[in-house]
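Topology and contacts: notes
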Amino acid sequence: MADSKREIERKYEATTETRLPDLSRVAGVFAVAHLGVAELDAVYYDTEDLRLAADSLTLRRRTGGGDAGWHLKFPVASGIRDELREPLSDTLPRPFAGLLRSRVRDRALVPVVRLLSARDVHHLLDADGALLAEISVDRVRAERLTGGGATAAWTEIEAELADDGDPAFLDAVEHRLGKAGIRPSTAPSKLARALAETAPEPKRSTSPAGKPRPRTAGDRLRRDTAGDHVLAYVRHQAEAIVALDPAVRRDLPDSVHQMRVATRRLRSVLRTYRKILDRGVTDPVGDELRWLAAELGIDRDQEVLDARLRARLDGLPRTLVLGPVRGRLRIWSVARRNGSRRRTVAVLDGKRYLALLERLDALLADPPLLPAASQAPGHALPRAVLKEYRRLATRVGHALELPPGHDRDVALHEARKAAKRARYAAEAARPALGGPAKHFANRMKAVQSLLGDHQDSVVAREALRTLAVQAHAAGEPSFTWGVLHGREEATAEARERELPEVWERASGAKLRAALGG
């Protein structure tokens, strides 16, 4: 994977006459080192319809300065980006192609802007000579490489925090710059400014990235309809899948889980609101979402299981840990996780996944709206939410009637899935229904969490039995695995005892009445 760093920077307006104030007066600064002027030549790449810029991603090939090479930047928060770097080459580095695939798909990446910058660099140093921040005065000339070749020029000041620095230091720098009359820039990046200032005349009213305003549900529906709200939720989850794709490829913490949740939420809302969106169109999409969630689950489920077993083992007294238990758990986990991760990346590289993303785009561009979509949200949405509640109530009641054992475990797992669906239905309705939908979703989440812990104990017991068998076959003590198995059994029994009370709180008549049930 490419080298990565967290970039925290701020930009300020300037002119050719602007001079930096004495930054040695900033608290913590012992000295200001002037490094001179570097000449930078950067070509920025994007699709013809500027898909990367629309999502605030930056891909460039830069020569000059101390970090020549390919740079790919992902937004994290305002003024914060993750910058990935690859060595200078004539073609796009293969790791970058994978990270951009969910957005670019089969579109070609072409040069869109060239920036020539004369960068006057100053380093702010502490008393030990360590770097606190880099301040540069950039004189920029931008040339549009598509759409007529327009040019623009400006001067700006950039303050970039040193690695692992305290972001509060930039506040002190900004205060000093402000006293000198230097104000923050309105452009989020050089690329955004270049695209805006060199855009062909008919596009100057678009967003800074140059992407036309996306078509919304409101373009086809009167404002604030049930369909409007459902489509907004669908769009949000579809965009989350695309945005999380690079994070999954980079193996960032919790990324697989978040992508799987977005996939499940999207599939769930398509199933719940079948009176609003034509299931003849959405059911095939839902089938593909189920496939994707299952594939992501292979990696995610192993991640959850690893964490659970490690936590359980850490909670045992030393006297109950016999044999090379930790080593066996580590070897077993690594072997299973490596295989699952390779499979996840292969899925994201496959044609089936890209076809799903295209189908989601098509669904949102031309939503298959049914007559109920034009109804007021307070009429159509509660009925769908309460239908999911009744499904859950049936499954919980069935599970509680069964004796403890395999059949009850299966029934509780089915109830857990119904609780998720009811929760996601309420989440989609929350912008329209407000507090009642929020409270309902929270109650459904409580049921889901309890049943989720129960199901995790079922899966953990299966894994612990496998580990015990392997340990026994290798001539190792299997005692510890048996102790952990017993504790998982106790956890499952406790959750089953708690379920009636949790369900009673979640199924309050007043809460249902607030939703219209």
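Okay, the overall build of the protein chain next. Looking only at helices and strands, one finds 15 helices and eight strands in the protein chain. Taken along its principal axes, the extent of the C-alpha atoms in the protein chain is 80 × 65 × 45 Å. Residues classed as buried in the protein chain amount to 49% of the 517 residues present. Long-range contacts, defined here as pairs at least 24 residues apart, represent 73% of the contacts in the protein chain between residues at least 6 apart. Surface summary for the protein chain: the accessible area is close to 24,800 Å², and the carbon and sulfur share equals 51%. Separation between the mean location of the 87 positive side-chain charges and that of the 72 negative ones in the protein chain comes to 5 Å.

What follows covers the packing of helix α12 (residues 406-433) against helix α13 (residues 435-473). For the pair α12 and α13, the least separation of the axes is 8 Å and the interaxial angle reads 155 degrees. In terms of their interaxial angle, α12 and α13 are classed as roughly antiparallel. Handedness of the crossing formed by α12 with α13: left-handed. A breakdown of the residues in the contact of α12 with α13 according to their chemical character gives 15 nonpolar, six polar and nine charged.

The next thing to look at is the pattern of salt bridges. Counted under the stated rule, the structure contains 55 salt bridges. Measuring nitrogen to oxygen at the nearest pair gives 3.2 Å for the salt bridge that ties K5 to E160. Taken together, the residues span a long stretch of sequence, with K5 in strand β1 (residues 3-14) and E160 in strand β8 (residues 151-161) at a distance of 155 residues. Taken individually, K5 and E160 each receive the classification buried, so the pair is uniform in this respect. The closest approach of N and O atoms between D361 and R105, which form a salt bridge, is 2.6 Å.

A word on the pairing of β1. Bridge analysis of β1 against strand β5 (residues 80-86) gives six bridges, and the strand direction is antiparallel. Within the sheet, the bridge partner assigned to K5 lies in β5 and is E83. Pairing of β1 with β8, which is carried by six bridges, proceeds in the antiparallel orientation. Along β8, the bridge assignment pairs E13 with E156.

Before going further, it helps to examine the packing of aromatic side chains. Per the counting criterion, the structure on display carries three aromatic pairs. An angle of 15 degrees between the planes, with centres 5.7 Å apart, marks the rings of Y389 and W503 as stacked. Highlighted residues: Y389 in helix α11 (residues 377-401) and W503 in helix α14 (residues 479-506), separated in sequence by 114 residues. W503 carries the same exposure label as Y389, and that label is buried.

Below, the discussion takes up α13. In a regular helix each residue adds 1.5 Å, so 39 residues correspond to 57 Å; α13 covers 57 Å between its end C-alpha atoms and thus fits that length. Downstream of α13 by one or two residues, G475 has phi in the positive range, about 80 degrees.

Our next topic: the environment of V256. Secondary-structure assignment places V256 in helix α7 (residues 255-272). When the C-alpha positions of V256 and G297 are compared, they lie 8.2 Å apart, and in sequence the two are 41 residues distant. With sequence-adjacent residues up to four places away left out, V256 is seen in contact with V248, L296, D299 and R300.

What follows covers unusual backbone geometry. The phi angle at R105 is positive, at roughly 60 degrees, despite the residue not being glycine. Considering the arrangement of structural elements, one finds R105 in the loop between α3 (101-104) and β6 (110-125). What makes R105 buried here is its relative accessible area of 12%. Even without glycine at this site, D164 takes up a positive phi of about 65 degrees. Structurally, D164 can be placed in the loop between β8 and α4 (168-179).

A few words on the sheet that holds strand β2 (residues 31-46). If you trace the eight strands once around the closed barrel, you get β1-β5-β4-β3-β2-β6-β7-β8, paired in antiparallel fashion. Ignoring which end each strand starts from, the neighbouring axes of this sheet average 35 degrees apart. Sheet analysis places β2 next to strand β3 (residues 58-63), joined by four bridges and oriented antiparallel. Directly across from A42, in β3, lies its bridge partner R62. Those strands touched by helix α5 (residues 190-197) are β1, β2, β3, β6, β7 (131-144) and β8, and its axis lies near 165 degrees from that of β8.

About the criteria used
Residues numbered from 1 in each chain as written. Predicted model: local features only at pLDDT ≥ 70, side-chain atom pairs only at ≥ 80, totals over all residues. Heavy atoms only, no water. Helix = DSSP H or I, 4+ residues; strand = E, 2+ residues; numbered from the N terminus. Buried < 20%, exposed > 50% of the residue type's maximum accessible area, 1.4 Å probe, protein only. Contact = heavy atoms within 4.5 Å. Areas by Shrake-Rupley, 256 points an atom, 1.4 Å probe, with all protein chains shown as cover. Lys, Arg positive; Asp, Glu negative; His and termini not counted. Charge placed at Lys NZ, Arg CZ, Asp CG, Glu CD. Axes fitted to C-alpha atoms, helices over the stretch in contact; angles between N-to-C directions. Parallel < 35°, antiparallel > 145°, perpendicular 65-115°, else oblique. Left-handed = near helix turned anticlockwise from the far one by under 90°. Nonpolar A, V, L, I, M, F, W, Y, C, P; charged D, E, K, R; others polar. Salt bridge = Lys/Arg side-chain N within 4 Å of Asp/Glu carboxyl O. Pairing = 2+ DSSP bridges. Phe/Tyr/Trp six-rings, centres within 6.5 Å; stacked < 30°, edge-to-face > 60°. Expected span 1.5 Å × (residues − 1).

Don't take any of this as a statement about function, it's just geometry.
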